[in-house]
Each structure stands twice: as C-alpha cells, then as structure tokens.
Amino acid sequence: MAIHLAENLEKFRAVCADTACRLVAVSKTKPPVLLQEAYDLGVRVFGENKVQELVEKHEELPKDIEWHMVGHLQRNKVKYIVPFVSLIHAVDSLRLLREINKRSAAVGRVVPCLLQVHIAQEENKFGFDEEEIRAVVEAKNLAQLPNICVKGLMGMATHTDDKKQIALEFGGLRRLFDALKTATQNIPNADFCELSMGMTNDYEIALEQGSTLIRIGSAIFGERT
Ligand SMILES: *Cc1c(COP(=O)(O)O)cnc(C)c1O
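A brief look at the structure comes next.

1. Let's talk about the pairing of strand S4 (residues 87-91)
For S4, the tally of buried residues reaches five of five residues, placing the bulk of the element in the interior. As judged from the two bridges shared by strand S3 (residues 66-69) and S4, these two strands associate in the parallel manner. Residue Met 69 lies in a different strand from S4, and its bridge partner there is Ile 88. Pairing between S4 and strand S5 (residues 111-117): two bridges, direction parallel. Its bridge partner being in S5, Val 91 is matched across the sheet by Leu 115. What joins S4 to S5 is helix H5 (residues 94-106), and the crossover it makes is right-handed.

2. Describing the packing of aromatic side chains
All chains considered together, the criterion is met by three aromatic pairs. Seen from their ring centres, Phe 46 and Trp 67 are 5.7 Å apart, and the 35° between their planes marks the pair as tilted. Residue Phe 46 is found in strand S2 (residues 45-48), and its partner Trp 67 is found in strand S3; the two are separated by 21 residues along the sequence. The pair formed by Phe 46 and Trp 67 is uniform in burial state, with each residue classed as buried. Directly above the ring of Tyr 39 sits Arg 44, whose terminal nitrogen or CZ lies 3.5 Å from the centroid.

3. As for the site of the ligand
In the vicinity of the ligand, the residues found are Val 26, Lys 28, Val 70, Met 154, Met 199, Thr 200, Arg 215, Ile 216, Gly 217, Ser 218 and Arg 224. Between the ligand and Thr 200, the relevant distance is 2.5 Å, taken from an oxygen atom to a side-chain nitrogen or oxygen of the residue. Arg 215 has a polar side-chain atom sitting 2.9 Å from a nitrogen atom of the ligand. Contact with the protein chains covers 92% of the free accessible surface of the ligand, which is 390 Å². Classifying every residue of the shell around the ligand gives five nonpolar, three polar and three charged.

4. Here's the deal with the pairing of S5
Buried residues dominate S5, accounting for seven of its seven residues. Where burial is concerned, the two faces of S5 agree: the one with Val 111, Cys 113, Leu 115 and Val 117 and the one with Pro 112, Leu 114 and Gln 116 are both buried. In this sheet, strand S6 (residues 148-155) lies alongside S5 in parallel orientation, the contact comprising seven bridges. In the strand pairing of S6, Gln 116 is matched with Met 154.

5. Let's talk about the pattern of salt bridges
Summed over the entire model, instances satisfying the criterion amount to 12 salt bridges. Of the charged contacts, one joins Glu 66 and Arg 22 as a salt bridge, the two residues approaching to 3.4 Å between their closest N and O atoms. Taken together, the residues Glu 66 in strand S3 and Arg 22 in strand S1 (residues 22-26) connect sequence positions 44 residues apart.

6. Some details on the environment of Ala 179
Examined against the element boundaries, Ala 179 turns out to sit in helix H8 (residues 163-183). It is 9.7 Å that separates the C-alpha atoms of Ala 179 and Arg 134, two residues lying 45 residues apart in sequence.

Thresholds, definitions, all that
- Residues numbered from 1 in each chain as written.
- Predicted model: local features only at pLDDT ≥ 70, side-chain atom pairs only at ≥ 80, totals over all residues.
- Heavy atoms only, no water.
- Buried < 20%, exposed > 50% of the residue type's maximum accessible area, 1.4 Å probe, protein only.
- Helix = DSSP H or I, 4+ residues; strand = E, 2+ residues; numbered from the N terminus.
- Pairing = 2+ DSSP bridges.
- Right-handed = clockwise from strand over helix to strand, strands pointing away.
- Phe/Tyr/Trp six-rings, centres within 6.5 Å; stacked < 30°, edge-to-face > 60°.
- Lys NZ or Arg CZ within 6 Å of the ring centre and 35° of its normal.
- Near = heavy atom within 4 Å.
- Polar contact = N/O pair within 3.5 Å; in protein donor to acceptor, adjacent residues only side chain to side chain.
- Areas by Shrake-Rupley, 256 points an atom, 1.4 Å probe, with all protein chains shown as cover.
- Nonpolar A, V, L, I, M, F, W, Y, C, P; charged D, E, K, R; others polar.
- Salt bridge = Lys/Arg side-chain N within 4 Å of Asp/Glu carboxyl O.

Okay, here's the thing in structure tokens:
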C-alpha cells in the first residue's frame, strides 16, 4: 500500500498548529530511508520503542533529530540511550528512574523523563498508579536524582471504541498532571510542562483533554506489519 507521507505530515502539522501540541513521529519498525524522507519533509522529533532500533537509527540518521524513547524501557538497556535521548516517555518505576539518573550522571547529562501512569482498564499495560506517583515526585526522592528532570506524565488509554471511556481516562490523567504541576512547583528537577497522550486512534480525544505531545505512528508511516 502506498503511503502519502507528505500529506499525512501536513495533516498533523495543521492539527498541532491548531492546538499548540507537538508531534512525535513514531517510526518503530520502519526503515531508515522512510525516516530520512520524513526528515527531508521537516520532521525532527522521532519516537521509537526498542532500544536497539533507536540506537541504530540514531547512528544512521542526521544528528539534529530529537529522539524520544516511547516504549517500555528495561533497566539494563538504559545505558545505551542516555548519551543522546531527548525524552524518555514511559518511566514506570523508581528503580528505573534511579538507573537513568546513575547513567546520566556518568555521561554528564540531565535526561528529561515522563512518568507513565496506568490509566487503562487493561492490566497488562505499564505505569504507576496515582498514589505511587505522588510518592515518586516528593522532594526528598527527586533531590536524590539530580541527573533526571521530570517533565510530566505519559499515559495510554484503553484500546476501545468507547470514546467516553477514553475521554474519562485522558481527563483523569490531565487532572493528575495539573495537581502534580502545582505540587512540584518548588522542586528544581521537576518541570511539569509535557503531557504525552494520544496515538493514531485516540489523538483527537487526547487533544480535547489537553495533550501537549501526540505520539503518531501508523497515521503517518502506514500500518505496521
Ligand atoms: C507504537 C506506539 C505509538 C504509535 O502508535 P500508532 O497507533 O501507530 O499511532 C505511540 N505510543 C507508543 C508507546 C507506541 O508504542
């Protein structure tokens, strides 16, 4: 199936211009030539969900790309991406946050992270619950993690056609984001400015609920096989 990359990108540019959110072009499983094509059309923010693929594409493609790790991250792979990654979207444990901090310190960086919140009804999805996350962003915890900066929250809604359900989940995440933004105002390495929610099937609902980063894969690059 032919994909209309330029048209697809144009559409999401208009969406982002209307709403002041940013687009993460999720390019997982797609070949570097296709990413280069998107780059030539002006895309600078790409998202990947596998460490090895992210590292390989980073090596191969232009150096002014902002690489986002959007998928589940294992602690033993953190070291491969901290030297260059621009944002880690799905931090789901304090142990992972500590490992990112340690590896970032080793390369002299402060790495921006989002905390993933479990908002879906499916049990198999990752993320903190609300109570856990309030504990994580306490000043005494974050003071021990000077090489990470918590930039906000990320969530994935239930995979369903029920738009009301999705809106409830994203809306809840938005309210938690607002509360934590206030609660962390005086913590130096918390800077709540990003709310990463919305993918191909639910980005419109996510934008209504205040998303600042939509992560779009198939609607840009075509279906994945
Ligand atoms: C694959 C993926 C996306 C993009 O999914 P599409 O439905 O193709 O837009 C967004 N976020 C995460 C975490 C992903 O793994």
